[in-house]
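Single-letter residue listing:
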Amino acid sequence: MAAAEPQFITVGSGNTVRRIACLTQRAAREGDPGLLWLTGLKSDMVSTKAEALAAWTAARGLGFTRFDYSGHGRSEGQFEEATLSDWLEESAAVFAQLTHGPQVLVGSSTGAHVALLLLRRLTETVPEDAQRVRGLVLVAPAWDLTELMWSQLSEEARREIVETGQWIRPSAYDPAGYPITKGFIDGGRAHVLRDGGFDPGRPVLVLQGVMDRDVPVAHARALPSVLLGGWVRMTEVEDGEHRLSRPQDLAALYGLIAQLL
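Our subject in this report is the structure included herewith.

**Describing the overall build of the protein chain**
In step 1: Within the protein chain, the regular secondary structure consists of nine helices and 10 strands.
In step 2: Compactness check: the protein chain gives a C-alpha radius of gyration of 17 Å against a globular reference of 18 Å for 261 residues, within 12% of the reference.
In step 3: Along the longest, intermediate and shortest principal axes, the C-alpha atoms of the protein chain span 55 × 45 × 35 Å.
In step 4: Per-residue burial over the protein chain gives 53% buried out of 261 residues.
In step 5: For the protein chain, the exposed surface amounts to about 11600 Å²; the carbon and sulfur share of it is 49%.
In step 6: If you average the places of the 25 positive and of the 32 negative side-chain charges in the protein chain, the two averages end up 4 Å apart.

Right, here's the structure in full:
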């Protein structure tokens with residue numbers, strides 16, 4: 001299989017079955033660590049940061065696993081029908097089926113929230129798999145994603161979601177914008193960390209742009225109040241915005257990952 005050609009795993013059952021596109025890169029030596037990349041909202045597994053990490057890990061003989069959430073990239077499903085529960089289920093399936101040995105969970109924006117949810121799920125349900133997680137590196141962490149979204153919406157947008165079932169959110173990255181549905185918001189409330197913080201039990205390293213408008217720096221700074229145990233360490237980029245994909249941002253990201261490897 002060519003490096004750029006995805007493999008597919010099947011997730012779900014009955015009417016919820018969907019094929020999830022994945023790219024995997026095995027570590028050079030058995031037992032060496034790898035990264036699991038969790039993408040941002042409306043992004044995919046061949047984004048700028050994902051491709052940069054693929055090259056960085058390959059040069060060091062590290063494993064690297066990435067995938068598209070349902071409704072994203074080459075995976076099946078419609079974006080407007082997907083929920084955080086779906087993406088968490090897919091993340092757990094990819095972790096179990098495609099990763100090997102010690103892992104660092106690296107999540108960007110929405111992916112940071114999914115990474116936290118995945119660690120919590122593994123800790124509660126498959127502790128032997130949770131032990132393989134060395135730590136988390138979170139870029140612009142949109143933890144409690146749907147609550148953050150809701151807090152940023154105008155009253156008009158909230159009313160439209162409640163009354164019509166969805167609202168088209170403008171996006172600097174997509175001229176057409178993308179739908180935020182009532183089902184997505186309601187479903188996300190089953191995955192709120194603030195209401196029941198947990199102890200990650202391993203380092204959680206955060207890279208955050210101070211100029212980020214999508215995930216305000218104050219939101220990232222509040223994460224230590226939700227995660228118990230004093231594991232969170234923040235690295236702030238004074239002139240950094242949401243994407244954090246410049247060469248200097250990527251260098252900072254590699255440095256945080258290297259601390260855990």
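**Thoughts on the nonpolar core**
Side chains of nonpolar character tend, in soluble globular proteins, to be buried together.
In step 1: Core analysis: the biggest nonpolar cluster contains 79 residues, and L53, L105, V106, L136, V137 and L138 have the highest contact counts within it.
In step 2: Ignoring any residue separated from it by four or fewer positions in sequence, one finds L53 in contact with L35, W37, F64, V106, L253, Y254 and I257.

**Focus: the pattern of salt bridges**
In step 1: Summed over the entire model, instances satisfying the criterion amount to 16 salt bridges.
In step 2: Put simply, K182 and D186 hold a salt bridge, and the shortest N to O gap is 2.7 Å. Pair noted here: K182 and D186 are both in helix α7 (residues 182-188), with a separation of four residues, about one helical turn.
In step 3: The salt bridge involving D239 is made with R246; its shortest N-O contact spans 3.2 Å.

**Observations regarding helix α1 (residues 48-59)**
In step 1: Counted at 1.5 Å a residue, the expected span for α1 with its 12 residues is 16 Å, and the 17 Å between its end C-alpha atoms agrees.
In step 2: Of all the residues in α1, the buried ones are K49, A50, A52, L53, A54, W56 and T57.
In step 3: Buried positions along α1 lie against β2 (18-25), β3 (34-38), β4 (63-67), β5 (103-108), β6 (133-139) and α9 (247-260).
In step 4: Downstream of α1 by a residue or two, G61 has a phi angle that is positive, lying close to 70°.

What counts as what
Residues numbered from 1 in each chain as written. Predicted model: local features only at pLDDT ≥ 70, side-chain atom pairs only at ≥ 80, totals over all residues. Heavy atoms only, no water. Helix = DSSP H or I, 4+ residues; strand = E, 2+ residues; numbered from the N terminus. Rg over C-alpha atoms; globule rule 2.2 N^0.38 Å. Buried < 20%, exposed > 50% of the residue type's maximum accessible area, 1.4 Å probe, protein only. Areas by Shrake-Rupley, 256 points an atom, 1.4 Å probe, with all protein chains shown as cover. Lys, Arg positive; Asp, Glu negative; His and termini not counted. Charge placed at Lys NZ, Arg CZ, Asp CG, Glu CD. Core = buried A, V, L, I, M, F, W, Y, C linked by side-chain atoms within 4.5 Å. Contact = heavy atoms within 4.5 Å. Salt bridge = Lys/Arg side-chain N within 4 Å of Asp/Glu carboxyl O. Expected span 1.5 Å × (residues − 1).

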